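# Structural overview for review
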2 protein chains.
Amino acid sequence: MSNPRFTKLLSQLPATVPFVGPETQERVRGAVFDARLGANECVFGPSPKAVAAMQAVSSEIWKYADPTSFELRTALAEHHNVEIENIVVGEGIDGLLGYLARMVVQEGDEIITSDGAYPTFNYHVTGYGGILHKVPYKDDHEDLDGLLEAAIKTDAKLVYFANPDNPMGTVHSAEAVQAFIDRLPNQCLLALDEAYIEFAPDGIALSIDVAKLNVIRFRTFSKGYGMAGARVGYAIGATDVILQFEKIRNHFGMNRAAQAGALAALEDQDWIEHIHNQIKYGRDRIGEIAQANGLSIIPSATNFVAIDCGRDSIFAKSVLSYLVSHGIFVRMPFVTPQDRCIRVSVGLEEDLILFADLLPKALEASSSAS
Amino acid sequence: MSNPRFTKLLSQLPATVPFVGPETQERVRGAVFDARLGANECVFGPSPKAVAAMQAVSSEIWKYADPTSFELRTALAEHHNVEIENIVVGEGIDGLLGYLARMVVQEGDEIITSDGAYPTFNYHVTGYGGILHKVPYKDDHEDLDGLLEAAIKTDAKLVYFANPDNPMGTVHSAEAVQAFIDRLPNQCLLALDEAYIEFAPDGIALSIDVAKLNVIRFRTFSKGYGMAGARVGYAIGATDVILQFEKIRNHFGMNRAAQAGALAALEDQDWIEHIHNQIKYGRDRIGEIAQANGLSIIPSATNFVAIDCGRDSIFAKSVLSYLVSHGIFVRMPFVTPQDRCIRVSVGLEEDLILFADLLPKALEASSSAS
C-alpha cells in the first residue's frame, strides 16, 4: 500500500494504442512517408471554406469553445432534420464511443462486435471491463444475422456495427440494416458507426428515426469532410439517449476552431459532392492498379479499398511491410481471412502513381521470400 | 427491460455542466457580451507564432494528429527537464482530470478536495461514483492542513489541490506545498492543478520531482499560453503513473493544429513574459477599480481577481447579475464565505474601462435593492 492505488480494472488493462500512427512509424524508419494511404484520411482535405473558418478562429483561440456546440448542433439538426436534442458533438467518434462504453458497460457485460472490426470500440469496451463477443465476418461483410444471434443469445446490452464497414469497405443495404434493427431486442443498444457514410452510394444510409431508443448513430467530420485532425464527431439518437452524454462527457473538450471549421464544412455540401467524385475515381484507380498486378479488390463504399493479395496473411503482411518500408503508409485487416488483404486509402494521383510503381515490386519481393 | 440499459451509476447522475458557457448566456440575454471576463481566459491571446502555426496546419487538418504527441511532449520534457515518459498530453486539464478519476476512483471511494474548488474535478469524481469530502477554505486559501487531515482520516486515494487557487487566486509557497507532500501518505495521490502557474510570482512553483509516485501535476496551454479554445493540457508525473493514461485515454483525441500551436507557443517564452506583465498590470487595474468603489480585493497570483463585495452572497450575486445583464461576463465563487466575492478575469484596457463604468452602478442597484 505504499504506492498510489489505481482501480482493480486499470491494473488488468494493457498500455496500448488502437492504432500506431504514421508519425511513429516515420520516426522508426527515419524518414517521412512519400504517400500517406493508411489511415483512411481524406487527402483532398476539407472545404476551403472550412480551412478559412479555422484560420479565422485561430486568432481568437484564447476563448473556450461553446461547451454546448450550439451552432454546430443546430446546423447538424437542420441537416438531418432532427432536433438539437438528438445530437451530441464530441472529440471524434473515438471519443463518443468511449463515452458510450462508459454509459453502458459494466464489468463482465458481454458486448457484441465483429471479429476484425474497429479496434477502438474494443479498446473502450475492454477499458470499462466489458467482455467482447466477436462475430466472424461473412464473405468480407459484417454478418448481420450473426450479430443479431449473438446479441440475443448473450442478452447483450450493446452491439457495434459499422456501415460502411472498416477495414473491408463493404456495406449492407438500408433495408437489410432496418430488418436487423427491427429484430434487435429493445433492451440491446445498436451503435451504428457511419463514419464512411458520405462515400457510400444511394440506398445505404438508413433514414434517421430518433424515436427509436435503441439505435445510436455515429458520424464524423474526419472522413467525408476531410477533417480528421480536427476531432469532430457526433452522435444522433433519441433525446433520452443523447441526454445521457451530458452526465459524463468532457463538456469543454472541443476545439473552438474545429467547431467553426465543421460548421463551414457542413454548409459546403458542394465540396462533399466534389470529394465523393474524387473518391470514386480514386477507388477505380486502385482497382485498376490491383488488376494490373493480377489481384482483385473488395468492392468498396468508402474512401479506401481492400486489395486481396491472393494468398495468406503472411504474404499480405510481407507486401505491406515492403510498401511501408519503401515509403507508402498503408494498413491491413487484423483478422483471418480478411488479413489476406492490404487496405489502401484513396490518395492523390501522385500518391497512386507511387503505389502503382511500388506494388509489383512488393509482390515480387514477397513471392520470392516465401 | 424494454429500453437500453445504462449503468446503474449513470442512472444516478444528473445531466449537468460544470460551467455554463458565455455563449449560452448570450443566447439567453439575446446579445453578445461587451467584455468577456468570466472564464479566466487570456484576452491577450497566444503568441502570434502559435496563431501562425495553427493557421498553417489548418490546411493539412485532413491528417490525424500524432496520437503520441511526440514533438510536443519532447519539447515539454525539455522545458521541464524531465523525460518524455513523464508527460501525457490531453484534451485540456479537464480531460486529463477525467482520465485520472477513471484511473483511481471506484464507487464509494472517498476523495478529497476543497469546498468551492474546481467543480470539473468534482464532476469527474462523482461521475465515477466517488464520494467527495470537501474541506473548507481558510482565510480564502485552500487549507493544506485541513486537506492533509482529511486525506489521512479517510485514507483517501486522491486529493485535489490547485496552486494558484481558483476561484480565489490565492497561493501557497513552494515550501508549504512541499511540506504538505512530505506529510501526505504514499498511497494517497495528489492531483496538483497548476493551471495558473505561469501567472504566479517566483517561489510558488514547486520544483519538479518525477521520482515521487504520488504527485501528478497538471498544466495547460489554456491560461498563460492563451489557448483555451485549443484544448491542450498536460500532466507531469512518475513514469509508472503517466503510463496508466495509455490504458484508457482517447489516443486520437488531440487536434492537430492545436498541438502545433502549443509547440510554437511553448517555444515563444518571451511572449509568456510579456503576457505575465500585462496580467500584472491588469490585476492592479482591477484592484484600483475595486478600491475606487470602496471594495477590497483578494491578492491574486492568477489572471483574475476576486473582489470582495463587502457583504453577503446575496449582495454579490446581485452585483454579478447586474454586470452580466449589462454586458459584462463575470463569475463568482460557489461557496460561502468566498461567495461574498465576484471573480473578474483580467481584460483588455477597453474591457476594464467598461467594468470600471459599470461596477458602481451594479453596486448602487444592488444596495438599493437589498
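The structure under discussion appears in the preceding block.
Residues numbered from 1 in each chain as written. Chains lettered and ligands numbered in written order. Predicted model: local features only at pLDDT ≥ 70, side-chain atom pairs only at ≥ 80, totals over all residues. Heavy atoms only, no water.

Moving on: the packing of aromatic side chains. For the coordinates displayed, the defined rule picks out 18 aromatic pairs over all chains. Taking 5.9 Å as the distance between ring centres and 35° as the angle between the ring planes, the aromatic pair formed by A:Phe19 and A:Tyr118 counts as tilted. With A:Phe19 in the loop between helix 1 (8–12) and helix 2 (22–29) and A:Tyr118 in the loop between strand 3 (110–114) and helix 6 (119–127), this residue pair connects regions lying 99 residues apart in the sequence. With relative accessibility at 12%, the residue A:Phe19 sits in the buried group. Their ring planes at 45° and their centres at 4.7 Å tell us that A:Phe221 and A:Tyr225 sit as a pair that is tilted. Through a chain of ring-to-ring contacts, the aromatic side chains of A:Phe19, A:Tyr118 and A:Phe334 assemble into a single cluster. Of note, A:Arg102 hangs over the ring of B:Tyr128, and the distance from its end group to the ring centre comes to 3.7 Å. A:Arg311 extends its terminal NZ or CZ atom over the ring of A:Phe315, reaching a point 4.4 Å from the ring centre. (Phe/Tyr/Trp six-rings, centres within 6.5 Å; stacked < 30°, edge-to-face > 60°. Helix = DSSP H or I, 4+ residues; strand = E, 2+ residues; numbered from the N terminus. Buried < 20%, exposed > 50% of the residue type's maximum accessible area, 1.4 Å probe, protein only. Lys NZ or Arg CZ within 6 Å of the ring centre and 35° of its normal.)

A few words now on the relation of the copies chain A and chain B. Once chain A is rotated about the relating axis by 180° and shifted along it by 0.0 Å, it coincides with chain B to within an RMSD of 0.0 Å. Such values leave the two copies arranged in the relation of a two-fold axis. Scanning chain A for the C-alpha nearest the rotation axis identifies A:Gln55, at a separation of 2.4 Å. With an isologous cut-off of 70% or more, the 100% of interface residues of chain A that recur at the interface of chain B puts this contact in the isologous class. (Least-squares fit on C-alpha atoms with pLDDT ≥ 70 in both. Contact = heavy atoms within 4.5 Å.)

Backbone hydrogen bonds hold the strands of a sheet together, and the pairing may be parallel or antiparallel. Residue and element names in this part refer to chain A. Spatially, 9-10-12 is the arrangement adopted by the three strands of the open sheet, whose pairing is antiparallel. On the outer flanks of this sheet lie strand 9 (296–298) and strand 12 (341–345), each paired with one strand and no other. Pairs of neighbouring strands in the sheet enclose a mean axial angle of 35°, with direction left out of account. Note that strand 9 and strand 10 (residues 304–308) share three bridges and pair antiparallel. When the bridges of strand 10 are listed, Ile298 appears paired with Ala306. (Pairing = 2+ DSSP bridges. Axes fitted to C-alpha atoms, helices over the stretch in contact; angles between N-to-C directions.)

What follows deals with the sheet that holds strand 12 (residues 341–345) of chain B. All names here are of chain B. If you trace the three strands from one edge of the open sheet to the other, you get 9-10-12, paired in antiparallel fashion. Strands with a single pairing partner mark the edges of an open sheet, and in this sheet they are strand 9 (296–298) and strand 12. Across the sheet, the axes of successive neighbouring strands diverge by a mean angle of 35°, strand direction being ignored. Along the sheet face, helix 11 (residues 269–292) touches strand 9, strand 10 (304–308) and strand 12 and points at about 15° away from the line of strand 10.

Moving on: the nonpolar core. Buried together is how nonpolar side chains tend to be arranged in soluble globular proteins. Ranked by size, the top nonpolar core spans 220 residues in total, and within it A:Phe221, A:Ile342, B:Phe221 and B:Ile342 carry the most contacts. Filtering out sequence-adjacent residues up to four positions away, B:Ile342 remains in contact with B:Val305, B:Ala306, B:Ile307, B:Cys309, B:Ala316, B:Val319, B:Leu320, B:Leu323, B:Arg331, B:Met332, B:Phe355 and B:Leu359. (Core = buried A, V, L, I, M, F, W, Y, C linked by side-chain atoms within 4.5 Å.)

Contact residues are listed per partner, giving 86 residues for chain A and 86 residues for chain B. Interface of chain A and chain B: buried area, both sides summed, is about 7200 Å²; carbon and sulfur atoms make up 58% of it. For the pair chain A and chain B, the interface holds six salt bridges. Where B:Arg5 meets A:Asp155, a salt bridge forms, and the shortest distance between an N and an O atom there is 3.1 Å. Scanning the region where chain A abuts chain B turns up 58 residue pairs in polar contact (both at pLDDT 80 or more). Where the side of chain A that touches chain B is concerned, the elements lending two or more residues are helix 1, helix 2, helix 3 (48–58), helix 5 (92–104), helix 6, helix 9 (239–245) and helix 10 (256–267) of chain A. Among the residues making up the side of chain A that touches chain B, the classes are represented as 40 nonpolar, 27 polar and 19 charged. (Buried area = accessible area lost by both parts, 1.4 Å probe. Salt bridge = Lys/Arg side-chain N within 4 Å of Asp/Glu carboxyl O. Polar contact = N/O pair within 3.5 Å; in protein donor to acceptor, adjacent residues only side chain to side chain. Nonpolar A, V, L, I, M, F, W, Y, C, P; charged D, E, K, R; others polar.)

Of the voids in this model, the largest pocket is the one considered here, and its volume is about 570 Å³. Together, 25 residues line the largest pocket, and A:Glu60, A:Glu71, A:Arg256, B:Glu23 and B:Arg36 are the ones closest to its centre. Those elements that place two or more of their residues in the lining of the largest pocket are helix 4 (70–80) and helix 10 of chain A together with helix 2 (22–29) and strand 1 (35–36) of chain B. The element that contributes the greatest number of residues to the lining of the largest pocket is helix 10 of chain A, accounting for four residues. A class-by-class count of the residues in the lining of the largest pocket yields twelve nonpolar, two polar and eleven charged. Roughly 480 Å³ of internal volume is contained in the second largest pocket. (1 Å grid on protein atoms, 1.4 Å probe; cavity = no way out; pocket = protein on both sides within 12 Å on 5 of 7 lines; lining within 4 Å. Points joined across faces, edges and corners; volume = space filled by probe spheres on them.)

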